Amino acid sequence: MTTIKELEQYIDAGAAKLPADMVIEHGTLVNVDTSEYYPADVAIFNGKIVAVDGDVSDYVGPNTKHLDATGKYLVPGMIDGHIHVECSKMSMTRFAQAVVPHGTTSIVSGLDEYISTIGIKGLDEIFAEIDRSPLKVFWGLPYKTPYTIPKSTISYDVSAKDHEAIQPNENCYGVWETVREAVEMKDPDTLKAILTAQKYHKPIFGCSPMATGKALNQFLMSGVHVDHESYSHEEFLEKARKGIHVVIRESSVTKFLKENIRAITEGAAGVARHTSFCTDDVNARDILNHGHLDYMVRLAIKAGVSPMTAIQMATVNGAEAYHIDDKVGSIAPGKDADILLIDQPGSFNVETVVSKGQLVSENQTEVMSFNPPKRSAHIQGKLKHAPMQPADFDYRVDQSAGTALVRTIHSVGPFVRKAQDIELTINNGVVIPDPEKDVASVSVIERYGINGNQSHGFISGWSFKRGAIATSASPDDNNLVVAGVNTNDMAVAVNTLIECGGGQVVVVDGKVVALLELPIAGITTDLTPTQLAQKEIELKHAAEQLGSTLPDPLFYLSFLPITAIPDLAITDSGNVDYTKLTYFNPIQAVK
């Protein structure tokens, strides 16, 4: 919170009575408020912009740093409107190191994966890390946790009482990830959270994939203000027409920009003013290869959106939608000093980044040091489970021999899973997975030492011929998930992660062939983005040795417990049919 003394200093600095810490000179301003390009200099004092004028020489003192922007365009720092940072597997420090040089200076996040593993109190340490970073995080408290319907096991359940205590706080910016089904069911905790936020005039962030017509109307009666889940441009356009600020998602696996942008280029151009960008879930190697929001701006321009409009979608639009435009979103006096120097609006290559008033990168070279903090024992990964045996992964039935008609969770894509019934052999009372029929075993193990839950099921569409893979990074409950066609390899995979405190692993013939340790809460690491990207590549190649033809088997595996992905999922509590919001028995019949 700004003190009266600091406010007095800002007022004096705006009047040029105090010298600026930095001036950016000779650039061309991209004014996203008025859709103009014109020459302008910028003066910065104590992390805030104090002047944007044709000449800021009056603001220069003997210690003022000069940044020459000749031939460059000045763009506001970009805002990712919805991201689960933890799904990148990077710590907050390392994520900032990855994305800020690409021009992303602010994100909107629920930090929900950390909440599921270390609880709300554990966020104090994460917030302290964020404060040291050049990346701003506008945090929304999740509407409730766990998100899973029916409920799975996590370390901390967010309730309406948490919203009553936290929504009044300055560092909370609304209700995060409010799913349509919770509103449809009139879940009491969810409705109380919504009413609490509305009391303090804070926005409700929605999640309503494939919601149209009456289902969408019903959802909007909750007061949802923003939504980042549209699978088609028709759905996107309907949401915009009904007053939602719509967010285009382009994650590492779910790539919707090309489809959603059609709502603007083919539907109604006015939708653009109520559209922003998000990446939701992104990995290190994609950021290193393509960029982050800068990549989305380039994709939008390529799709036919004007450079100014694309830049507005990455900056001021999102700032207004999330009610943070008093701080970020444009280059203007009183705003935080988050400024990018780019080559041209049309090509949009980010060359220099100033964030929180500090020079982070210059001429595409990192000039700020990114040093992760010392981690406390509280957030060090510890999977509270005893070592497991191969027999723990057998799916047992009462019949000793014969066949079983099994309902598998069939992956059509990363965010579409359908039921597929396949007949499997029963041997000594165990239903045997069959690589020839493309059926593997899957199990989710509760990792918090709360109830010892373990579920068993079957997956198809993965093409596994041997081995096993496992992960403790598995939103939204981050329990241990393991899949494979060999129970010995499944046990080795799980025990490896229990021993190292979390991570992702590939096992073949009893040997670990690739391992990424995730010691922070069992879900993230302080490896540099480059080091992590190399580990991701090793895991992908190792998974291919199992025969998998999926684009990213570990990513698909980690998302299996997300019940909101249509139609089927698996959590520590059982196999879930989300179309019915209930559990199902994978064994349909035996004979």
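Residues numbered from 1 in each chain as written. Predicted model: local features only at pLDDT ≥ 70, side-chain atom pairs only at ≥ 80, totals over all residues. Heavy atoms only, no water.

The name given to the chain in an unreviewed UniProt entry is Adenine deaminase, with the source organism recorded as Lentilactobacillus kisonensis DSM 19906 = JCM 15041. Its UniProt record gives the chain the following Catalytic activity (unreviewed entry) comment, quoted word for word: "adenine + H2O + H(+) = hypoxanthine + NH4(+)". In its Cofactor (unreviewed entry) section, the UniProt entry covering the chain states "Mn(2+)". (UniProt positions renumbered as here; feature names shortened; annotations may be inferred.)

*Asks:* Help me understand the overall build of the chain, please; the structure alone is not making it clear to me.
*Replies:* Along the backbone of the chain there are 18 helices and 31 strands. Against the compact-globule benchmark of 25 Å for 591 residues, the chain has a radius of gyration of 25 Å, which places it among compact chains. Overall, the C-alpha framework of the chain stretches about 90 × 50 × 45 Å when taken along its three principal axes. When the 591 residues of the chain are sorted by exposure, 62% land in the buried category. Across the chain, the centroid of the 50 positively charged side chains sits 4 Å from that of the 73 negatively charged ones. (Helix = DSSP H or I, 4+ residues; strand = E, 2+ residues; numbered from the N terminus. Rg over C-alpha atoms; globule rule 2.2 N^0.38 Å. Buried < 20%, exposed > 50% of the residue type's maximum accessible area, 1.4 Å probe, protein only. Lys, Arg positive; Asp, Glu negative; His and termini not counted. Charge placed at Lys NZ, Arg CZ, Asp CG, Glu CD.)

*Asks:* Where do I start with the nonpolar core in this structure?
*Replies:* One broad trend across soluble globular proteins is that nonpolar side chains are buried collectively. By size, the foremost hydrophobic cluster in this structure holds 104 residues, and its most contacted members are Phe95 and Phe277. In terms of domain composition, this core takes at least three residues from each of domain 2 (75-366) and domain 3 (390-590). Ranked by size, the runner-up nonpolar core spans 26 residues in total, among them Tyr143, Trp176, Val183 and Ala321. (Core = buried A, V, L, I, M, F, W, Y, C linked by side-chain atoms within 4.5 Å. Domains from an automatic or database assignment.)

*Asks:* I keep staring at the domain arrangement of the chain and nothing clicks. Help me out?
*Replies:* When the parts of a complex come together, some accessible area is lost, and that lost area is often taken as the interface size. Annotation of the chain at the domain level lists domain 1 (4-71), domain 2 (75-366) and domain 3 (390-590). Using C-alpha coordinates to define each centre, domain 1 is positioned 54 Å away from domain 3.

*Asks:* Hey, could you run me through the sheet that holds strand β28 (residues 568-571) in this one?
*Replies:* Strands in a sheet are paired, the pairing made by backbone hydrogen bonds, and the direction either parallel or antiparallel. Spatially, β28-β29-β30 is the arrangement adopted by the three strands of the open sheet, whose pairing is antiparallel. Because the sheet does not close on itself, it has two edges, and the strands there are β28 and β30 (582-583). When β28 meets strand β29 (residues 574-577), the two strands line up antiparallel, connected through four bridges. Opposite Ile570, over in β29, you have Asn575 as the bridge partner. (Pairing = 2+ DSSP bridges.)

*Asks:* Can you walk me through the UniProt feature "domain: Amidohydrolase-related" (unreviewed entry) in the chain in this structure?
*Replies:* Per the UniProt record, the feature "domain: Amidohydrolase-related" (unreviewed entry) sits at residues 73-360. The straight-line gap between the two end C-alpha atoms of residues 73-360 is 17 Å; of that span, 37% is helix and 20% is strand.

*Asks:* Is there a simple way to explain the pattern of salt bridges in this structure?
*Replies:* Once their charged atoms are close, side chains differing in charge can pair, the charge on each being opposite to the other. Summed over the entire model, instances satisfying the criterion amount to 30 salt bridges. Residue Lys48 is joined to Asp336 by a salt bridge in which the shortest nitrogen-to-oxygen separation is 2.9 Å. One end of the pair, Lys48, is in strand β3 (residues 48-53); the other, Asp336, is in the loop between α15 (316-321) and β14 (339-342), and 288 residues separate them in sequence. Under the relative-accessibility criterion, Asp336 is labelled buried at 12%. Lys136 is the salt-bridge partner of Asp338, the closest N and O atoms lying 2.6 Å from each other. Residue Asp338 is found in the loop between α15 and β14, and its partner Lys136 is found in strand β8 (residues 136-142); the two are separated by 202 residues along the sequence. (Salt bridge = Lys/Arg side-chain N within 4 Å of Asp/Glu carboxyl O.)

*Asks:* So what exactly am I meant to see when it comes to the UniProt feature "domain: Adenine deaminase C-terminal" (unreviewed entry) in the chain here?
*Replies:* Taking the UniProt record as the reference, the feature "domain: Adenine deaminase C-terminal" (unreviewed entry) is found at residues 417-580. Taken end to end, residues 417-580 has its terminal C-alpha atoms 14 Å apart, with 23% of it in helix and 35% in strand.

*Asks:* Explain the pairing of strand β7 (residues 104-109) to me, please; I cannot follow it from the model alone.
*Replies:* For a regular strand, side-chain orientation follows a simple rule: the groups alternate between the two sheet faces. A large share of β7 lies buried, amounting to six of its six residues. Across three bridges, the pairing between strand β6 (residues 78-80) and β7 is parallel. Residue pairing in the sheet places Met78 in a bridge with Thr104 of β7. Taking the sense of rotation as the criterion, the β-α-β connection linking β6, helix α2 (residues 92-99) and β7 turns out right-handed. Sheet analysis places β7 next to β8, joined by four bridges and oriented parallel. Each bridged residue has a counterpart across the sheet, and for Ile107 the counterpart in β8 is Val137. (Right-handed = clockwise from strand over helix to strand, strands pointing away.)

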